[in-house]
Amino acid sequence: AGLAAVAVAGTAFSLPTDAKGDKAGAATNTATLNIPDLLEGTTSDGTTTFTLTAQTGTHEVLCGVTSDTAGYNGSFLGPTMKWTTGSTVLLNITNDLDADTSVHFHGAHIPPDMDGGPQNAFAAGETWSPTFEILDEAKTLWYHPHALGTTAEQVAHGLAGLIIAEDETDASAALPSEYGVDDIPIVPQCPATDAAGDIKYDLNGYLRNTLSFPVLCNGTNVDDTTPTFTATRTRTRFRVLNASPSDIITVQRGDGGTLTQIATEQGCLTEATEVETIRPVAGGRAEFVMDLSDAVTLQAVITTGWVRGGSGTFDFLTVTPDASDTPDDLPSSLNTIERYDTSSFTAQEITLDQDGLEMAINGAVGTTMDSMATIMTTLGSQEIWTITDNTMREHSFHLHDVPFQLIEINGAESAGVDLGWFDTYEVVGGGSIKIAMEFTDFADDTYMYMLHCHLLQHEDEGMMAGLMVMES
Ligand code: C2O
Ligand code: CU
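Residues numbered from 1 in each chain as written. Chains lettered and ligands numbered in written order. Predicted model: local features only at pLDDT ≥ 70, side-chain atom pairs only at ≥ 80, totals over all residues.

**Looking at the overall build of the protein**
Just so we agree on the cut-off: By the criteria applied, helices consist of DSSP H or I runs no shorter than four residues and strands consist of E runs no shorter than two, each listed in order from the N terminus. Note that the radius of gyration is over C-alpha atoms, with the globule rule given as 2.2 Å times the number of residues to the power 0.38. Any residue surrounded by 20 or more other C-beta atoms within 10 Å of its C-beta is treated as buried, while 12 or fewer makes it exposed and the intermediate range makes it partly exposed; C-beta atoms here are placed from the backbone.
From N to C terminus, the protein includes four helices and 38 strands. The globule rule puts the C-alpha radius of gyration for 472 residues at 23 Å, and the 21 Å found for the protein is close to it. Each of the three principal axes of the protein carries a C-alpha extent, and together these read 55 × 55 × 50 Å. When burial is assessed residue by residue, the protein has 48% of its 472 residues classed as buried.

Here you go:
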């Protein structure tokens, strides 16, 4: 049976008996957490220039097996960039792969011709040099390929990196921000491989029980090794990026304690919020802090992902404190978020559709620029979109260009940390979300932004549309 025949809504799969199940407490080895390098830029005349090369390499994805992989400036994943609000960046990005690629700055509010979507794809051997001003406030962004039809393949092989946007607000000054010391990226990923370690990205036609689904933390397979981080400051900030091709990844403390969430993917919450779990969908991010007195093991609970099926809990990262400082209380206010009054907003309806193996938005299969639906809007427009799933399958809805507020989730008013700013959010099988946004700053009648499912196989199969913002 092909995968489509067994893929049904929700999380109801049971794992094949030989698949990876619960691994909490099972790892026997430890290794120091791998922290992606910070990419040094060179700054002159207010412009910071970064150099990236997308290249192939090899990496141990399955324990003891070498896989062909890809990364930026290395074999797997990429370095972290810091962008400062109000500055200008220039990126020189060389394609050393053997295929077209593009580099999308996921979550950044930048002009559509710099956004790195499919229209910005460039060929092997070429260099693409986008430049733009950083309008984003402090938040966690990321970069990854976005060429038509190859996004799942390229991201699953390892092409993904973090971007930290930083600003000079009091809240930012009060939060831990020394990269690699008390500001730590954690990037969970669950690629699929065959027994030989070949990374699979188009899973149609595979039987899940012939594949392995390793769980990686910053590139380290946690099946037999739990990465450890020694915290030299009592308070540590963690930025979680779910760079997985298809899974929702819930992060929780192994001891049942709470995490202090400070930010969603588009910046700080109004106030630090105690949560039992953070739950970024594929492409999503979240930030939390922990004030550590004893060692804490973080667990990753992998759910859904129509590709992976089933769920499992994995010891993912052990944080061991080696500090004696006493941090100040967190500021009582981290951010001001004015909630939209959407009563006069322009409404648009977006449907997530499927016909066999073809995925679609508003009925149009978005595998080419010509076939995809184009959502039209104008500069300055304030809109409320209802995104409805007609496929009875789980999706991770992502909008380029501007952050959105969640107004309703499956008919219920959003609450708690869902009152933060987002660019990627879950749409459950048969469910719907209402989101509101304002299209500011950038209009273009040639280049489009994209909206799509961030389950990357769905994106490549056509669940993608263009967004054209015209001068009003
Ligand atoms: Cu993270 Cu359109 O992508
Ligand atoms: Cu999807």
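**Some remarks on the pairing of strand β12 (residues 183-186)**
Keep this limit in mind: Here, a strand pair is defined by DSSP locating no fewer than two bridges between the strands.
Going residue by residue along β12, you find D183 and P185 tucked away on one face and I184 and I186 tucked away on the opposite face as well. As paired strands, β12 and strand β19 (residues 235-241) are joined by four bridges and run parallel to one another. The residue bridging P185 from the neighbouring strand is R239, located in β19.

**Section: the UniProt feature "domain: Plastocyanin-like" (unreviewed entry) in the protein**
Put simply, the test is: UniProt positions are given in the numbering used here, feature names are shortened, and annotations may be inferred rather than shown by experiment.
Taking the UniProt record as the reference, the feature "domain: Plastocyanin-like" (unreviewed entry) is found at residues 54-168 and 332-470. As annotated, residues 54-168 comprises 5% helix and 43% strand, and the C-alpha atoms at either end are separated by 32 Å. Secondary structure across residues 332-470 comprises 4% helix and 47% strand; the distance between its end C-alpha atoms is 40 Å.

**Observations concerning the sheet that holds strand β10 (residues 139-144)**
Inclusion rule: To obtain an axis, a line is fitted to C-alpha atoms, over the contacting stretch when the element is a helix, and the angle between two such axes runs from 0 to 180 degrees between their N-to-C directions.
Taken together, four strands build an open sheet; the order of strands is β5-β11-β10-β7 and the sheet is mixed. Edge positions in the sheet fall to β5 (81-84) and β7 (104-106), since each has one partner strand and no second. This sheet shows a mean twist of 30 degrees between the axes of neighbouring strands, independent of strand direction. For β10 and strand β11 (residues 161-166), the ladder comprises five bridges, and the chain directions are antiparallel. Among the inter-strand pairings, L141 is bridged to a residue of β11, identified as I163.

**Regarding the confidence of the model for the protein**
Our working definition: Confidence of the predictor at the level of single residues is captured by pLDDT, which takes values from 0 to 100. Each residue is represented by a C-beta atom placed from its backbone, and any two residues with such atoms within 7 Å are regarded as in contact.
Chain-level statistics for the protein give a pLDDT mean of 92 and a share of 92% at 70 or above. When the criterion is pLDDT under 50, residues 1-21 qualifies, and its contacts beyond four places in sequence or with other chains add up to 38 contacts. If you check the scores for this complex, the pTM reads 0.93 and the ipTM reads 0.98.

**Some thoughts on the domain arrangement of the protein**
Stated formally: Reported domain spans reflect what an automatic or database domain assignment gives. Under the convention adopted here, Pro, Cys and the residues Ala, Val, Leu, Ile, Met, Phe, Trp and Tyr are nonpolar, Asp, Glu, Lys and Arg are charged, and Gly plus all remaining residues are polar.
With domains assigned, the protein is organised as domain 1 (3-27 + 176-321) and domain 2 (342-470). Listed as interface residues are 27 residues of domain 1 and, on the opposing side, 22 residues of domain 2. Broken down by secondary-structure element, the contributors of at least two residues to the side of domain 1 that touches domain 2 are β21 (259-264) and β22 (267-275). Sort the elements by how many residues they give to the side of domain 1 that touches domain 2 and β22 lands first, with four residues. Here the side of domain 1 that touches domain 2 is composed, by residue class, of 14 nonpolar, 11 polar and two charged.

**Some points on unusual backbone geometry**
Notably, D401 is not glycine yet its phi reads approximately 85 degrees, a positive angle. Position of D401 relative to the elements: it lies in the loop between β31 (395-399) and β32 (404-409). Residue classification places D401 among the buried positions, given that 25 C-beta atoms sit within 10 Å. Not every positive phi belongs to a glycine, and D441 is a case in point at roughly 75 degrees. For D441, a count of 15 C-beta atoms within 10 Å corresponds to the partly exposed category.

**Digging into the sheet that holds strand β35 (residues 424-427)**
Backbone hydrogen bonds hold the strands of a sheet together, and the pairing may be parallel or antiparallel. If you trace the five strands from one edge of the open sheet to the other, you get β29-β38-β37-β31-β35, paired in mixed fashion. Of all strands in the sheet, those with a lone pairing partner are β29 (374-378) and β35, marking the two edges. Here the average twist between neighbouring strands, direction ignored, is 25 degrees. The pairing of strand β37 (residues 449-453) with strand β38 (residues 464-470) spans four bridges and is classified as antiparallel. Its bridge partner lying in β38, Y449 is registered against L467.

**A few points about the nonpolar core**
Note the following rule: Any nonpolar core is a set of buried residues, restricted to Ala, Val, Leu, Ile, Met, Phe, Trp, Tyr and Cys, that join up through C-beta atoms within 7 Å.
Formed by 112 residues in total, the largest nonpolar core has its most connected members in W142, I163, I262, F288, L317 and I387. Of the residues that make up this core, three or more belong to each of domain 1 (3-27 + 176-321) and domain 2 (342-470).

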